[in-house]
Amino acid sequence: MTQPPTPTADSVRRLVRSLLPESADDAQGPDVRPVTQGRTHTWWVGTRHVLRLAPDREATLRRRRELRLRDLVRPHLPVAVPASVAHGDWAPGLAYTLDAKLPGGTADDHDVSAVGEADLAGLLTGVRAVPVRQAETLGVPRSAPRSLEALRRMAVQAAQRLAAADEFDAARLLQLTPPGAAQLAAQPAAAVLTHHGLTGDHVIVSPDGRVRGILDWTEAALGDPAEDIAGLAVAVGSPAAVRAATLAGYGARPCLRGLWLARCDTLTRLADHLEGRTTGSLTLLRSQLRRVWEPILLERVTELKEE
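Every chain is numbered independently, its residues counted from 1 as its sequence is written. With pLDDT at 70 or above as the cut-off, local features in this predicted model cover only qualifying residues; side-chain atom pairs require 80 or more to be listed or tallied, and sums for whole chains, interfaces and linings still use all residues. Just so you know, side-chain values use all the structure's heavy atoms and leave hydrogens and water out.

**Describing the overall build of the protein chain**
Line of reasoning, step 1. Broken down by element type, the protein chain carries 11 helices and 10 strands.
Line of reasoning, step 2. Radius of gyration means the value over C-alpha atoms here, while the globule rule gives 2.2 Å times the residue count to the 0.38 power. For 307 residues, the compact-globule formula gives about 19 Å, and the C-alpha radius of gyration of the protein chain, at 21 Å, lands near that figure.
Line of reasoning, step 3. Projected onto its principal axes, the C-alpha positions of the protein chain cover 70 × 45 × 45 Å.
Line of reasoning, step 4. The buried label applies to any residue whose accessible area, calculated with a 1.4 Å probe on protein chains only, is under 20% of its type's maximum; exposed applies above 50%, and partly exposed to all values in between. Looking at the 307 residues of the protein chain, the share that counts as buried comes to 48%.
Line of reasoning, step 5. Taking all contacts inside the protein chain whose residues are at least 6 apart in sequence as the whole, residues at least 24 apart take part in 72%.
Line of reasoning, step 6. With the model as given, the accessible surface of the protein chain reaches about 15,000 Å², and the carbon-plus-sulfur share is 53%.
Line of reasoning, step 7. Counting 37 positive and 36 negative side-chain charges, the protein chain places the averaged centre of each group 3 Å from the other. A run of H or I in DSSP becomes a helix once it reaches four residues, and a run of E becomes a strand once it reaches two; helices and strands are each numbered from the N terminus. Residues are treated as being in contact if the distance between any of their heavy atoms lies within 4.5 Å. For the accessible areas, the method is Shrake-Rupley and the probe is 1.4 Å, while residue cover comes only from the protein chains on display. In this tally, Lys and Arg are treated as positive and Asp and Glu as negative; His is ignored, and so are the chain termini. Where a charge sits is defined by one atom per residue type, namely NZ (Lys), CZ (Arg), CG (Asp) or CD (Glu).

Structure below.
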């Protein structure tokens, strides 16, 4: 199998010159740089665009589906979705999208205000309103609800390892008992569209705390809405995520389910990183763990009784 080429500043600059006529007159070519070190498939182009290059065929399918999905969800959302300036193939069978950059920072850089929480509520309301049949026609896959009990068991082991490393108080996880996990199991209901990849760097926030846009819809799926509540807990903290979900009309069960999905996930990810099984920013993983373990009023007034 032929290995796909590795993008370089020169190859990216040549591609951008062919896409942006105004850059062709620049003798040195447009300013291009990787969004983050080590990620050679996502590039800033000047100050107004971002170029995303699919590294393989599977990512190409997701990129092409995302282009159509963004057009479908845009009318339903109160926040911006990136618009494509150009798209095509950057190598045989490998897609690219050149998008207009959304103004603002990320939720990792700015706190979300009370008005921003209302923006997030509009996001959750909007994706739920997207017609499932139309999303399926675009190829958006269905995703089965995850077992909270299975996640709880993995999180217990992770919490014990983190406690040994003085990273976490494992007793905090005792709040989620096996009967509690069973009570928060996903209920039989019609699937809804979910972003399914909400993290701090996908939530665009302005300096005044308003949520201005949501990036990267490549992982979108039809399934459990608690997954997006969990993503928001990771991105903006559990209290803000639960307040936004409540404003969007979700009750205690999906809110608490999303909270515990996020808590179990972040425990496992941090433990895996400390043991060398994953890479990434240790500071960010610790920050995400802190966000999702922020206490919320709902878990103080809602008892998870044994059945």
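Let us keep going from here.
**Observations concerning the pairing of strand β9 (residues 211–214)**
Line of reasoning, step 1. At least two bridges found by DSSP between two strands is the condition for calling them paired. Alignment of strand β8 (residues 203–205) against β9, held across 3 bridges, turns out to be antiparallel. Bridge pairing in β9 places Val 205 opposite Val 211.
Line of reasoning, step 2. Where β8 folds back on β9, the antiparallel hairpin that results is connected by 5 residues, among which Gly 209 adopts a positive phi of roughly 90°.

**Remarks on the nonpolar core**
Line of reasoning, step 1. In plain words, nonpolar cores are sets of buried Ala, Val, Leu, Ile, Met, Phe, Trp, Tyr and Cys residues tied together by side-chain atoms within 4.5 Å. The biggest cluster of nonpolar side chains holds 67 residues, and the ones touching the most others in it are Leu 69, Leu 120, Leu 193, Val 203, Trp 217 and Leu 267.
Line of reasoning, step 2. By residue number, the principal contributor to this core is helix α9 (residues 252–274), which donates 10 residues.

**Some words on the sheet that holds β9**
Line of reasoning, step 1. Strands sit in the order β6-β8-β9 across an open sheet of 3 strands; the sheet is antiparallel. Only two strands of the sheet have a single partner each, and these edge strands are β6 (105–106) and β9.
Line of reasoning, step 2. In terms of strand pairing, β6 meets β8 through 2 bridges, oriented antiparallel. Of the residues in β8, the one forming a bridge with Thr 106 is Ile 204.

**Concerning the environment of Arg 161**
Line of reasoning, step 1. Structurally, Arg 161 can be placed in helix α5 (residues 148–164).
Line of reasoning, step 2. Measuring from C-alpha to C-alpha, the distance between Arg 161 and Ala 83 comes to 44 Å, with 78 residues separating the pair along the chain.
Line of reasoning, step 3. Once residues within four sequence positions are removed from consideration, Arg 161 is found in contact with Ala 271, Asp 272, Glu 275 and Arg 277.
Line of reasoning, step 4. The definition of a polar contact used here is a pair of N or O atoms within 3.5 Å, where within protein one atom must be able to donate a hydrogen and the other to accept one, and adjacent residues in sequence count solely through side-chain atom pairs. Within the structure, the side chain of Arg 161 is placed 2.5 Å from the side chain of Glu 275, a separation counted as a polar contact.

**Thoughts on the environment of Val 140**
Line of reasoning, step 1. Looking at where Val 140 falls in the secondary structure, it is placed in the loop between α4 (132–137) and α5.
Line of reasoning, step 2. Spatially, the C-alpha atoms of Val 140 and Thr 60 are 14 Å apart, while their sequence positions differ by 80 residues.
Line of reasoning, step 3. In this structure, Val 140 is in contact with Arg 65, Leu 69, Ala 135, Leu 193, Ala 220, Ala 221 and Leu 222, ignoring residues within four places of it in sequence.

**Points about the sheet that holds strand β1 (residues 32–34)**
Line of reasoning, step 1. Pairing within the open sheet is antiparallel, and its 5 strands lie in the order β1-β2-β3-β5-β4. Looking at strand neighbours, the two that pair on one side only are β1 and β4 (84–91), the edges of this open sheet. The sheet shows a mean angle of 25° between the axes of neighbouring strands, taken without regard to direction.
Line of reasoning, step 2. With 5 bridges connecting them, strand β3 (residues 49–53) and strand β5 (residues 94–100) associate as antiparallel partners. Across the sheet, residue Val 50 finds its bridge partner in β5, namely Asp 99.
Line of reasoning, step 3. Here helix α1 (residues 9–19) sits on the sheet in contact with β1, β2 (42–45), β3, β4 and β5, set at roughly 115° to β3.
Line of reasoning, step 4. Fitted lines through C-alpha atoms serve as axes, helices being fitted only where they are in contact, and the angles separating the N-to-C directions of these axes extend from 0 to 180 degrees. In the packing of helix α2 (residues 57–73) onto the sheet, the strands contacted are β3, β4 and β5, and the crossing angle to β5 comes to about 40°.

**Overview of helix α7 (residues 226–236)**
Line of reasoning, step 1. Burial of α7 is extensive: 11 of the 11 residues sit out of reach of the surface.
Line of reasoning, step 2. For α7, the set of buried residues is Ala 226, Glu 227, Asp 228, Ile 229, Ala 230, Gly 231, Leu 232, Ala 233, Val 234, Ala 235 and Val 236.
Line of reasoning, step 3. Tucked into the core, α7 has its buried residues touching α3 (114–129), β7 (192–194), β8, α8 (238–247), α9 and α10 (282–292).
Line of reasoning, step 4. Following α7 by one or two positions, Gly 237 adopts a phi angle in the positive range, close to 100°.

**Describing the state of the cysteines**
Line of reasoning, step 1. Cysteine sulfur atoms are paired as a disulfide whenever they fall within 2.5 Å. A complete count under the given rule lists 0 disulfides for this structure.
Line of reasoning, step 2. Considering cysteine sulfurs only, Cys 264 is the nearest to Cys 255, which forms no disulfide, with 16 Å between them.
Line of reasoning, step 3. For Cys 255, a relative accessible area of 0% puts it in the buried group.
Line of reasoning, step 4. Its relative accessible area of 1% is what places Cys 264 among the buried residues.

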